[in-house]
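# Commentary on secondary and tertiary structure
Listed here are the chains, written in short residue letters.
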Amino acid sequence: MIHLIGTAHVSKNSVEEVRKTIFDVQPDVVAVELCQARHDGLKDQRDVPVLDLIKSGNSLLFVVNMLLSFFQKRIGEEMGITPGKEMLVAMESASETGARIALIDRDIKITLSRAIGNMGFWEKLRLLKELVFGVFGSGEEVDIEELKKDENLVDILESFKSVAPSLYSSLVDERDAYMASRLLALSNVNENIVAVIGAGHKRGIERYLASPETLPDIASLETKKKGYFFATLKYAIPAAIIASFALAFYQGIDIQGSILLWITYNAIPTGIGVAIAGGHPISILVGMLASPLTSLNPLLAAGWFAGLSEAKIRRTTVGDVKEMFKISGYRELYRNRAFKVLLVAALANIGSTIGTFTFIPKVLVPMLRGVFS
């Protein structure tokens, strides 16, 4: 039998419920909503390669993840509990009762890869806006126990789905199916299982456990998302812009003004993005100089140069990365050198992309009209 416990990661009641259930049931296995990487992170064994995140283009999603983690910590401090405490208690209780521990969640790297591959630029921007204003723009108190109620969870999840449907699919729907599949496999060889999962996953997992035939192909959920459409777009847009300039030049049209506007449209929003992130003036200048060129090269990004410049100037260390995970104040998070480097990279890329997509209808399309008129 599978006993599902839907928890909130900063709820005292969840911690108490987890411990009581495990000691009452005396399960063969305690399954927790963790993968190996998150398990190690919960044990304070984090080692995040900041420069690799910048180069891989994952800085924005990591910043969003950090803001979510910060939100949990802030609520946790108000309630006197450490975020993720219920998972630690579940594993401690399993050891005390002689139960085996099973990590049932999908590898976080695969989840992030699929989330990035599924999300478009505007969805990422919309999510960051909603998160920043939702987390730091509201002074309302949060009642965690009320949020755990089914009717409130449905509203929250639907709101999340409307803001970022692709991210919702990767973080919620797919993981519901993955964890349900893992639990079904465990139930084939174990009589009693206690599964400790986030409350937002409980309904989805229960649905799959009741109707296993509706489970998708789990192997397909374990592959990293390639994002072919956006990868193609990433190459197609610069190629189209370069071809348009070449064609206009060939037709004898003066393109000096358009080139100057291309530089301006890219450099200014990139510089603004780095400035908003609190980047050093040199990083602002580096991002502005790089953006007109990197926007024409699908293998490069303005955020790489601005972020690497920021890392060098700030002398970011592994200690800064470790400290980033312990911070519970927004000002401290904003001042953390590792977080600032990632924020600089993320907002530089957003600024550069905004510049490119603004330039196309404002300058490129009118120029092409002149070519074909």
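Now for a description of the structure that goes with this document. What you see is a predicted model; the values in this text were computed from it and never measured.

## Observations concerning helix H14 (residues 256-276)
End to end, H14 covers 30 Å across 21 residues, agreeing with the expected 30 Å (1.5 Å per residue, within 8%). Taken residue by residue, H14 has Ser258, Trp262, Asn266, Ala267, Thr270, Gly271, Gly273 and Val274 as its buried positions.

## Some thoughts on the nonpolar core
Counting residues in each nonpolar core, the largest one holds 20 residues, and the members touching the most others are Leu4, Ala31, Ile104, Leu183, Leu186 and Ile205. When residues of this core are traced back to their parent elements, those giving at least two are strand S2 (29-32), helix H10 (165-187), strand S4 (193-198), helix H11 (199-210) and helix H12 (218-221). Take this core: its biggest share by element is 6 residues, from H10. What Ile104 contacts, discounting residues up to four positions off in sequence, is Ala31, Val32, Glu33, Leu34, Tyr178, Met179, Arg182, Leu183, Leu186 and Ile197. Judged by nonpolar contacts, the second largest core, of 17 residues, contains Val15, Val32, Val89 and Ala99.

## Describing the sheet that holds S2
If you walk across this open sheet you meet the 4 strands as S1-S4-S2-S3, and the pairing is parallel. Looking at which strands have only one partner, the edges of the open sheet turn out to be strand S1 (2-7) and strand S3 (100-103). Adjacent strand axes in the sheet meet at a mean angle of 20 degrees when their direction is disregarded. Relative to S4, S2 runs parallel, the two being bridged by 4 bridges. Following the sheet pairing, Val29 is matched in S4 by Ile193. Helix H1 (residues 12-25) contacts S1, S2 and S4 of the sheet and is inclined by roughly 170 degrees relative to S1. Along the sheet, helix H5 (residues 85-97) makes contact with S1, S2, S3 and S4, crossing S2 at roughly 165 degrees.

## Focus on the environment of Ile350
Mapped onto the elements of the fold, Ile350 is located in helix H19 (residues 337-372). Accessibility expressed as a relative area gives 8% for Ile350, which makes it buried. Along the chain, Ile350 and Trp122 lie 228 residues apart, while their C-alpha atoms are 9.5 Å from each other.

## Remarks on unusual backbone geometry
Positive phi outside glycine occurs at Gln26, with the angle close to 55 degrees. Note that Gln26 resides in the loop between H1 and S2. Given the relative accessible area of 43%, Gln26 is considered partly exposed.

## Digging into the pairing of S4
Across the 6 residues that make up S4, a large majority, 6, are buried. As paired strands, S1 and S4 are joined by 6 bridges and run parallel to one another. The partner of Ile2 across the bridge, within S4, is Ile193.

## Here's the deal with the packing of H14 against H19
Relative to each other, H14 and H19 sit at 155 degrees, their axes nearing to 7 Å. When the axis of H14 is compared with that of H19, the two are roughly antiparallel. Once H14 is placed against H19, the crossing between them reads as right-handed. Between H14 and H19, the residues in contact are Ser258, Leu261, Trp262, Tyr265, Asn266, Pro269, Thr270, Gly273, Val274 and Ile276 and Val344, Leu347, Ala348, Gly351, Ser352, Gly355, Thr356, Thr358, Phe359, Lys362, Val363 and Met367, respectively. Across the contact of H14 with H19, the residue classes tally to 12 nonpolar, 9 polar and 1 charged.

## Things to note about the pattern of salt bridges
Under the criterion given, the structure shown has 7 salt bridges. For Arg19, the salt bridge is made with Glu96, and the minimal N-O distance between the two is 3.6 Å. With Arg19 in helix H1 and Glu96 in helix H5, the pair connects residues that are 77 residues apart, well separated along the chain. With a shortest N-O distance of 2.8 Å, Glu33 and Arg175 are connected by a salt bridge. With a gap of 142 residues between them, Glu33 in the loop between S2 and helix H2 (36-42) and Arg175 in helix H10 connect regions that are remote in the sequence. For Glu33, a relative accessible area of 3% corresponds to the buried category.

## So, a nonpolar patch on the surface
A cluster of nonpolar side chains, contributed by Tyr235, Leu299, Leu300 and Phe305, occupies part of the molecular surface with about 380 Å² of accessible area. Mapped onto the elements, Leu300 comes out in the loop between helix H15 (281-294) and helix H16 (302-314).

## Focus on the packing of H14 against H15
In contact at an axis separation of 8 Å, H14 and H15 are set at 150 degrees when each is read in the N-to-C sense. On the basis of the axis angle, H14 is roughly antiparallel to H15. Once H14 is placed against H15, the crossing between them reads as right-handed. Of H15, the residues touching H14 (which contributes Trp262, Ile263, Asn266, Ala267, Ile268, Thr270, Gly271, Val274 and Ala275) are Ser283, Ile284, Gly287, Met288, Ser291 and Pro292. Its residues placed into classes, the contact of H14 with H15 shows 9 nonpolar, 6 polar and no charged.

The rules behind the values
- Residues numbered from 1 in each chain as written.
- Predicted model: local features only at pLDDT ≥ 70, side-chain atom pairs only at ≥ 80, totals over all residues.
- Heavy atoms only, no water.
- Helix = DSSP H or I, 4+ residues; strand = E, 2+ residues; numbered from the N terminus.
- Expected span 1.5 Å × (residues − 1).
- Buried < 20%, exposed > 50% of the residue type's maximum accessible area, 1.4 Å probe, protein only.
- Core = buried A, V, L, I, M, F, W, Y, C linked by side-chain atoms within 4.5 Å.
- Contact = heavy atoms within 4.5 Å.
- Pairing = 2+ DSSP bridges.
- Axes fitted to C-alpha atoms, helices over the stretch in contact; angles between N-to-C directions.
- Parallel < 35°, antiparallel > 145°, perpendicular 65-115°, else oblique.
- Left-handed = near helix turned anticlockwise from the far one by under 90°.
- Nonpolar A, V, L, I, M, F, W, Y, C, P; charged D, E, K, R; others polar.
- Salt bridge = Lys/Arg side-chain N within 4 Å of Asp/Glu carboxyl O.
- Patch = residues over 30% accessible without salt bridge, like charges linked within 9 Å, V, L, I, M, F, W, Y side chains within 5 Å.
- Areas by Shrake-Rupley, 256 points an atom, 1.4 Å probe, with all protein chains shown as cover.

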